[in-house]
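Fold and geometry: a report
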There are 2 protein chains.
Amino acid sequence: MASMAKKTHRIERRSDALSRERIIAAAIEILDRGGEGALTVRALAAHLATGSGAIYWHVADKNELLATATDDIIARVVSEVAGGARPREAIRAVALGVFDAIDAHPWVGAQLFREPWRPATLEIVESVGSRLKALGVPEAALFDSASALVHYILGVAGQNAANARLVAPGTDRSVFLAGVAGKWAALDPAKYPFVRQMATQLRDHDDRAQFLAGVDLILAGIATAQA
Amino acid sequence: MASMAKKTHRIERRSDALSRERIIAAAIEILDRGGEGALTVRALAAHLATGSGAIYWHVADKNELLATATDDIIARVVSEVAGGARPREAIRAVALGVFDAIDAHPWVGAQLFREPWRPATLEIVESVGSRLKALGVPEAALFDSASALVHYILGVAGQNAANARLVAPGTDRSVFLAGVAGKWAALDPAKYPFVRQMATQLRDHDDRAQFLAGVDLILAGIATAQA
DNA sequence: ACCTGAACACCGTTCAAGT
DNA sequence: ACCTGAACACCGTTCAAGT
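Residues numbered from 1 in each chain as written. Chains lettered and ligands numbered in written order. Predicted model: local features only at pLDDT ≥ 70, side-chain atom pairs only at ≥ 80, totals over all residues. Heavy atoms only, no water.

A few words on the overall build of chain A. Helices and strands together make up the secondary structure of chain A, namely 11 helices and 0 strands. If you list the helices and strands of chain A from N to C, you get α-α-α-α-α-α-α-α-α-α-α. Expected size for 227 residues packed as a compact globule is a radius of gyration near 17 Å; at 22 Å, chain A overshoots this value by more than 25%. With the principal axes as the frame, chain A shows a C-alpha extent of 80 × 45 × 25 Å. Scored against the burial criterion, the 227 residues of chain A give a buried share of 47%. (Helix = DSSP H or I, 4+ residues; strand = E, 2+ residues; numbered from the N terminus. Rg over C-alpha atoms; globule rule 2.2 N^0.38 Å. Buried < 20%, exposed > 50% of the residue type's maximum accessible area, 1.4 Å probe, protein only.)

Another point: the interface of chain A and chain B. Note: interface size is frequently given as the accessible area lost on complex formation between the parts. Between chain A and chain B, the contact holds 57 residues from the first and 57 residues from the second. Both sides together, the interface formed by chain A and chain B hides about 5,000 Å², and carbon and sulfur atoms give 69% of it. Our count for the contact surface shared by chain A and chain B stands at 0 salt bridges. At the junction of chain A with chain B, the criterion picks out 16 residue pairs in polar contact (both at pLDDT 80 or more). Going through the elements one at a time, α7 (119-134), α8 (139-165), α9 (173-185), α10 (193-204) and α11 (207-226) of chain A are the ones with two or more residues in the side of chain A that touches chain B. Ranked by residues supplied to the side of chain A that touches chain B, first place goes to α8(A) with 18 residues. Grouping the constituent residues of the side of chain A that touches chain B by class yields 31 nonpolar, 16 polar and 10 charged. (Contact = heavy atoms within 4.5 Å. Buried area = accessible area lost by both parts, 1.4 Å probe. Salt bridge = Lys/Arg side-chain N within 4 Å of Asp/Glu carboxyl O. Polar contact = N/O pair within 3.5 Å; in protein donor to acceptor, adjacent residues only side chain to side chain. Nonpolar A, V, L, I, M, F, W, Y, C, P; charged D, E, K, R; others polar.)

What follows deals with the protein's contact with DNA strand C. Around DNA strand C, 18 residues are found, and the nearest of them are A:T50, A:G53, A:H58, B:R42 and B:K62. When the atoms of DNA strand C within 4 Å of the protein are sorted by group, sugar and phosphate make up 52%. Within the contact set of DNA strand C, a phosphate oxygen lies 3.0 Å away from a backbone nitrogen or oxygen of A:G51. B:K62 has a polar side-chain atom sitting 2.7 Å from a phosphate oxygen of DNA strand C. (Near = heavy atom within 4 Å.)

Our focus in this paragraph is the nonpolar core. Membership of the largest hydrophobic core comes to 143 residues, with the highest contact counts inside it found for A:L44, A:L112, A:L132, B:L44, B:L112 and B:L132. Excluding residues that lie within four positions of it along the chain, A:L44 makes contacts with A:I23, A:A26, A:A27, A:I30, A:L39, A:I55 and A:L65. (Core = buried A, V, L, I, M, F, W, Y, C linked by side-chain atoms within 4.5 Å.)

Moving on to the environment of B:A25. Note that B:A25 resides in helix α1 (residues 20-34). Sequence separation of B:A25 and B:D72 is 47 residues, and the distance between their C-alpha atoms is 9.6 Å.

As recorded in UniProt, the feature "domain: HTH tetR-type" (unreviewed entry) lies at residues 17-77 of chain A. Helix makes up 74% of residues 17-77 of chain A and strand 0%, with an end-to-end C-alpha separation of 28 Å. (UniProt positions renumbered as here; feature names shortened; annotations may be inferred.)

This next bit is on the relation of the copies chain A and chain B. The two copies are related by a screw motion: chain A maps onto chain B through a turn of 180° and a shift of 0.0 Å along the axis, at an RMSD of 0.0 Å. Such a combination of turn and shift is consistent with a two-fold rotation axis. Comparing interface residues between copies, 100% of those in chain A also sit at the interface in chain B, which points to an isologous, same-surface contact. (Least-squares fit on C-alpha atoms with pLDDT ≥ 70 in both.)

Another point: the domain arrangement of chain A. All names here are of chain A. Domain boundaries in chain A define domain 1 (1-59) and domain 2 (83-226). Here the C-alpha centre of domain 2 lies 35 Å away from the C-alpha centre of domain 1. Contact residues are listed per partner, giving 7 residues for domain 1 and 7 residues for domain 2. Between domain 1 and domain 2 the total buried area reaches about 550 Å² when both faces are included, carbon and sulfur atoms providing 56% of it. Looking at the side of domain 1 facing domain 2, the largest losses of area belong to L31, D32 and E36, adding up to 76% of the total buried there. Scanning the region where domain 1 abuts domain 2 turns up 1 salt bridge. In this structure, the salt-bridge partner of R165 is E36, at a minimum N-O distance of 3.1 Å. Put simply, domain 1 and domain 2 have 3 residue pairs in polar contact (both at pLDDT 80 or more) between them. Here the side of domain 1 that touches domain 2 is built from residues that sort into 2 nonpolar, 2 polar and 3 charged. (Domains from an automatic or database assignment.)

Residue and element names in this part refer to chain A. Mean pLDDT over chain A stands at 92; residues scoring 70 or higher make up 93%. Considering each helix and strand of chain A separately, the mean pLDDT is smallest for α11, with a value of 95, and largest for helix α2 (residues 41-47), with 98. Considering only residues more than four positions removed or in separate chains, one finds that residues 1-15, a stretch of pLDDT under 50, has 1 contact. (pLDDT = per-residue confidence, 0-100.)

Here is the structure:
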């Protein structure tokens, strides 16, 4: 290359130069450490040792930042599900993957409800839907079946995200659930007999196992429509 | 009354005096008209012809305002379900009631994920759970069954709430869904074959009927666990 | 091309001062 | 007891000015 003669070293970027990727990685770090409220453009700029305006050279706005960060995390989850897995197991794996991702990155839970044409949503719908098809769900029932399963997964994700917002970042889910159980147990038995009755189970239950039980319940319902 | 003698008219409050109830009613009006973004303390104060500080005399903060407004709307929905209805029909009626409430007040959808000890959540869990019990779901399966059903209902509510945020307030859901269908149809067939295939159905489908189909699917799954 | 950081137009909330 | 509205401590975003 002719230009090499001019100077011995290439005009290289600072190794810590800003980039879309670095900004998103930093955003994820801040979100994981401090929760949704901790991600401000100023905090992000400080973390990257730059001015707040610099962020806007690489990403359109804060919304895009959150959406892209979510896409990154969900893409990782979905791609990690073994391609060779049997359809039913693959669906369970995707569902659990999303569940665990929200446990690790609670702020993702709220983001999953944003624009349904973004990769995060598409990946989940595609991976669940294609497996339902492989499972032999008839064409006519596919859309409703996939919709039910995905909305259930999103519902749990949203609830866990919201719950995480109510405690200090990093707090175990079971601590929060025990607190809710206490409040449920103290309710008026005349007004909320069922909720009160569930309080004990809420305290002791494994909510991850319960989540999977819900997936199985919906899969069972889908199967009855086939028979 | 002795004090009546002092003055002919009682020292009565201005008929438009502030009250918790009036503030919440005004908040609901603003939220319905302009969406979540329109509710600011300043806008609320202006609407009530008062200072912003006056709001804080009656409610603790904006969060309480949104939570109470949500409780009001959900309580209305649940109480409107006929007490004499057969359990299965009652569950469907509650689910549809929540669905329609979010259609009328999209901002409610996001609020349903907040504190699970608030009336809004309790009313839904209680009304669904007690009906599942009446339906003969065994004790051991009750908690998982109610959890699955409620999380599905909340998932759809959250999605519809988020969708509504993406269009001008008052826009019909079908207009938005047609837009999503267009974006889904344009996806890479190699990457998203299933989603693409669903695009046509997304454009033409009745999402309210689909929501109910999901409820039925889960009820069918719950029934299989009983047999 | 990329970065800086002051400035702008907002927020929710507080609180001294009024009635 | 209830209300006022300026003030405070924040936001996200823009943009002239720098390199």
